[in-house]
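The lines below spell out each chain.
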Amino acid sequence: MDQIALGFSELLQPAVLMMLTIGVFAGLVVGSIPGVNDNIAFAVFIPFSFNLPAEQALALMVGIYCAAAAGGAIPAIMIRVPGTASALLTTINGNAMARKGQAGQALSIAMVSSVVGGLLSALVLLVFAPALAKVALRFGYVENAALTILGLSSVVGLLSGNVLKGVISAMLGLLISTIGYSQVTGYPRYTFGSINLIEGIPFVPMLVGLFGVAAVFDLLRDQAQERRENTEAEKLPEIGSMRLGRTLIRRLIPTWLTSAAIGNFIGVLPGAGMLMAIYIAYDQAGRRFRKHFAGRKGEAKWDEGAPEGIAAPEAANNAVTASSMVPLLSLGIPGNSTSALFIGAMALHGLVPGPLLFTQHADIAWMIMVAFLACNIIMGPAAYIVIRTVSRVIFSIPKNVMVGVIVLLCLLGAYSDGNNLFNIWVALGAGAVAYLMKIANIPLGPAILGLVLGGQMEASIANSLSISRGDWLVFIDPVNHPISAIMLLAALLMWVAPALRGLRHMRANRFAKGQRS
């Protein structure tokens, strides 16, 4: 308790608290701009923090980090373009609710979920940091390989309809992840002599294309259809009431708790990242929705406006923010790419993350941790202010103009990631591929998951086999690698459970037909 009090004594200085608040508003605004991700926002603000005292600079960074992840849900819900990569899955059910006239409720679910996930994550960071750091230390190449397989297995929950098309989508993502230098051999693959492909296809421009540019193609198609049919153009959704009823809140509590737990666990693991957390949380929420709510009168279908489809990814992504600081502050190992930028921000002020940070700069270390708690408390009311003000500016723009604005922001966001014209072509090409996949009814989610996890899975499996001298049984060794064996068993169950449910339905249908005859 003395350490926590020390952290609050630093944080509650007026200048430090002001910088945290500025960071929260800046993160929400930047996160709400399509094509600008949290990495870019964080990197842009680092130079501005150079002349600030360490406490103020790091408070600013904490505010931006937490709020940018939440702010990405605003354009995802309103215009079907995620502001950040962490809002990818929020787009699906969030925009569906907005199109039904429930934009305010969808935004409110997203913001409350982000605050709940962030608060639980901050409490985990404060209370369980030492214990979670010890668990993270047990994750080697074998466990990381099993984790990626578990993450890819969550794709089963995303395959509504044609399972074969979903598997094809995942394989496409894995194939794209192999472009560039091999992490195992060091040789370039599938670069076709292009220097721009040596490090692989740029991830940020690809995400901008898959979601932003593809959304533009959808808008252009809608406009062309409206002109052909001479119908009135569909208006952008109005926000309306943002009040959440008690019944809905009680219904979402299990999703919030489960998704926050998943986000905390994934966040503690170095290199796992936000996207893995939101996909696993989304999959679990989908299973619960189908079990308890699917088929009810007046209930939306999954992927067509289910509240759990917004609550799960938003609670998970903000749960990752604070928990990703556990390995960074305790071990000096970043939990994801954005938390890795914290190392640069700390280095500018002569701070080195790791065990010595708690002895040499205990006030800074504990200030950072309590700042995550305060940040999420501030983010609640700040989010409602930003939603009302930003929406009045952005969403009052006519649809014809909005198409051009989205294109400009998407291409600007793609170009700014490296200042390379090649990135613009990547964004346009990815948008075209995503649009064609939609026409062919091939789900995009599995491809994104394969793209994110492909490189990590390849490197982890190769290193594991190198250590075990080619013994594949190392992954299911219950003595030396029990965590890996448990995760692979869970992955197997994810694939077997839907097949068993299908067999049960087939038997039930045959039994029903037999009774009729």
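The rules behind each value
Residues numbered from 1 in each chain as written. Predicted model: local features only at pLDDT ≥ 70, side-chain atom pairs only at ≥ 80, totals over all residues. Heavy atoms only, no water. Helix = DSSP H or I, 4+ residues; strand = E, 2+ residues; numbered from the N terminus. Buried < 20%, exposed > 50% of the residue type's maximum accessible area, 1.4 Å probe, protein only. Contact = heavy atoms within 4.5 Å. Expected span 1.5 Å × (residues − 1). Bend = angle between axes of the 7 residues up to and from the residue. Axes fitted to C-alpha atoms, helices over the stretch in contact; angles between N-to-C directions. Parallel < 35°, antiparallel > 145°, perpendicular 65-115°, else oblique. Left-handed = near helix turned anticlockwise from the far one by under 90°. Nonpolar A, V, L, I, M, F, W, Y, C, P; charged D, E, K, R; others polar. pLDDT = per-residue confidence, 0-100. Patch = residues over 30% accessible without salt bridge, like charges linked within 9 Å, V, L, I, M, F, W, Y side chains within 5 Å. Areas by Shrake-Rupley, 256 points an atom, 1.4 Å probe, with all protein chains shown as cover. Salt bridge = Lys/Arg side-chain N within 4 Å of Asp/Glu carboxyl O. Phe/Tyr/Trp six-rings, centres within 6.5 Å; stacked < 30°, edge-to-face > 60°. Core = buried A, V, L, I, M, F, W, Y, C linked by side-chain atoms within 4.5 Å.

### Remarks on the overall build of the chain
Here is step 1 of the chain: Each helix and strand counted, the chain has 21 helices and 2 strands in total.
Here is step 2 of the chain: Taken across its 517 residues, the chain has 55% of its residues classed as buried.
Here is step 3 of the chain: Contacts spanning at least 24 positions in sequence make up 78% of the contacts within the chain whose residues lie at least 6 apart.

### Some details on the side chain of Thr-91
Here is step 1 of the chain: In this structure, Thr-91 sits in helix α6 (residues 90-99).
Here is step 2 of the chain: Exposure remark for Thr-91: the relative accessible area of 6% places this residue in the buried category.
Here is step 3 of the chain: If we skip the residues at most four places from it in the chain, Thr-91 touches Ala-76, Arg-80, Pro-82 and Ala-96.

### Focus: helix α20 (residues 445-467)
Here is step 1 of the chain: Between the first and last C-alpha of α20 there are 33 Å, a value that for 23 residues agrees with the 33 Å anticipated at 1.5 Å per step.
Here is step 2 of the chain: When the local axis directions of α20 are compared, the greatest deviation, roughly 45 degrees, occurs at Leu-453.
Here is step 3 of the chain: Burial analysis of α20 places 17 of its 23 residues in the buried class, which makes it a mostly covered element.
Here is step 4 of the chain: After α20 finishes, the residue Arg-469 shows a positive phi value of roughly 60 degrees.

### Brief notes about the environment of Gly-413
Here is step 1 of the chain: For Gly-413, the location among the structural elements is in helix α18 (residues 399-416).
Here is step 2 of the chain: The exposure class assigned to Gly-413 is buried, which follows from its relative accessible area of 4%.

### Here's the deal with the packing of helix α9 (residues 163-177) against α20
Here is step 1 of the chain: Put simply, α9 and α20 touch, their axes get as near as 7 Å, and they point 40 degrees apart. The orientation of α9 with respect to α20, classified from their angle, is oblique. As α9 packs across α20, the resulting crossing turns out to be right-handed. On α20, the residues touching Gly-166, Ser-169, Ala-170, Gly-173, Leu-174, Ile-176 and Ser-177 of α9 are Pro-446, Ala-447, Gly-450, Leu-451, Gly-454, Gly-455 and Met-457.
Here is step 2 of the chain: Here the contact of α9 with α20 is composed, by residue class, of 7 nonpolar, 7 polar and no charged.

### Focus on the confidence of the model for the chain
Detailed reading of the predicted coordinates is not advisable wherever pLDDT falls low.
Here is step 1 of the chain: A residue-level look at the chain finds 83% of positions with pLDDT of 70 or above and a mean pLDDT of 79.
Here is step 2 of the chain: Here helix α3 (residues 38-45) is the element of the chain with the lowest mean pLDDT, 64, and helix α19 (residues 421-439) is the one with the highest, 89.

### Some points on helix α4 (residues 54-71)
Here is step 1 of the chain: Helix length check: α4, at 18 residues, gives a terminal C-alpha distance of 25 Å against a target of 26 Å (1.5 Å per residue), a fit within 8%.
Here is step 2 of the chain: Of all 18 residues making up α4, 18 are buried, and the element is well covered by its neighbours.

### Quick word on a nonpolar patch on the surface
Here is step 1 of the chain: Side chains of Val-163, Val-167, Met-171, Leu-489, Leu-492, Leu-493, Trp-495, Val-496, Leu-500, Leu-503 and Met-506 sit close together on the surface and give an oily, nonpolar patch of about 990 Å² of accessible area.
Here is step 2 of the chain: Where the nonpolar patch is concerned, the elements lending two or more residues are α9 and α21 (482-516).
Here is step 3 of the chain: Ranked by residue count, the leading element in the nonpolar patch is α21, at 8 residues.

### Considerations on the packing of aromatic side chains
Two aromatic rings are characterised by how far apart their centres lie and by the angle between their planes.
Here is step 1 of the chain: All chains considered together, the criterion is met by 5 aromatic pairs.
Here is step 2 of the chain: Centre to centre, the rings of Tyr-65 and Phe-372 are 6.3 Å apart; their planes meet at 80 degrees, and the pair counts as edge-to-face. Note that Tyr-65 is positioned in helix α4 and Phe-372 in helix α17 (residues 362-394), a separation of 307 residues in sequence.
Here is step 3 of the chain: Under the relative-accessibility criterion, Phe-372 is labelled buried at 0%.
Here is step 4 of the chain: Centroid distance Trp-472 to Phe-475: 6.1 Å. Interplanar angle 45 degrees. Geometry classified as tilted.
Here is step 5 of the chain: Take Trp-472: its relative accessible area is 55%, and that puts it in the exposed class.
Here is step 6 of the chain: An aromatic cluster is present here, built from Tyr-282, Phe-289 and Trp-302 joined pairwise through their rings.

### Some thoughts on the packing of helix α12 (residues 274-292) against helix α13 (residues 308-323)
Here is step 1 of the chain: Their axes nearest at 8 Å, the elements α12 and α13 cross at an angle of 145 degrees. The two elements α12 and α13 cross, and the hand of that crossing is right-handed. When α12 is examined against α13, the residues Met-274, Ala-277, Ile-278, Ala-281, Tyr-282, Ala-285, Arg-288 and Phe-289 are found in contact with a partner set consisting of Glu-308, Gly-309, Ala-312, Pro-313, Ala-316, Asn-317, Val-320 and Thr-321.
Here is step 2 of the chain: Broken down by class, the residue content of the contact of α12 with α13 amounts to 11 nonpolar, 3 polar and 2 charged.

### Describing the pattern of salt bridges
Here is step 1 of the chain: What the rule picks out here adds up to 3 salt bridges.
Here is step 2 of the chain: Arg-189 is the partner of Glu-458 in a salt bridge, and the nearest nitrogen-oxygen pair spans 2.7 Å. With a gap of 269 residues between them, Glu-458 in helix α20 and Arg-189 in strand β2 (residues 188-189) connect regions that are remote in the sequence.
Here is step 3 of the chain: In this structure Arg-189 comes out as partly exposed when scored by relative accessible area, which is 22%.

### Points about the nonpolar core
Here is step 1 of the chain: Counting residues in hydrophobic clusters, the biggest one holds 142 residues, and the most contacted among them are Leu-20, Leu-28, Leu-58, Val-62, Met-325, Ile-368 and Phe-372.
Here is step 2 of the chain: When residues in this core are grouped by element, the largest group, 19 residues, is from α17.
Here is step 3 of the chain: Every residue in contact with Val-62, bar those within four places of it in the chain, is listed here: Leu-20, Phe-342, Ile-368, Ala-371, Phe-372 and Cys-375.

### Topic: the environment of Val-352
Here is step 1 of the chain: With respect to the secondary-structure elements, Val-352 resides in the loop between α15 (337-347) and α16 (357-360).
Here is step 2 of the chain: Under the relative-accessibility criterion, Val-352 is labelled exposed at 61%.
Here is step 3 of the chain: When the C-alpha atoms of Val-352 and Leu-328 are compared, they prove to be 9.8 Å apart, with 24 residues separating the residues in sequence.

### Some remarks on unusual backbone geometry
Here is step 1 of the chain: With a phi close to 55 degrees, Phe-192 is a non-glycine residue in the positive phi region.
Here is step 2 of the chain: With respect to the helices and strands, the residue Phe-192 is situated in the loop between β2 and α10 (203-229).
Here is step 3 of the chain: Classification of Phe-192 as exposed rests on a relative accessible area of 76%.
Here is step 4 of the chain: The phi dihedral of Arg-469 is positive, around 60 degrees, even though this residue is not glycine.
Here is step 5 of the chain: Positionally, Arg-469 belongs in the loop between α20 and α21.

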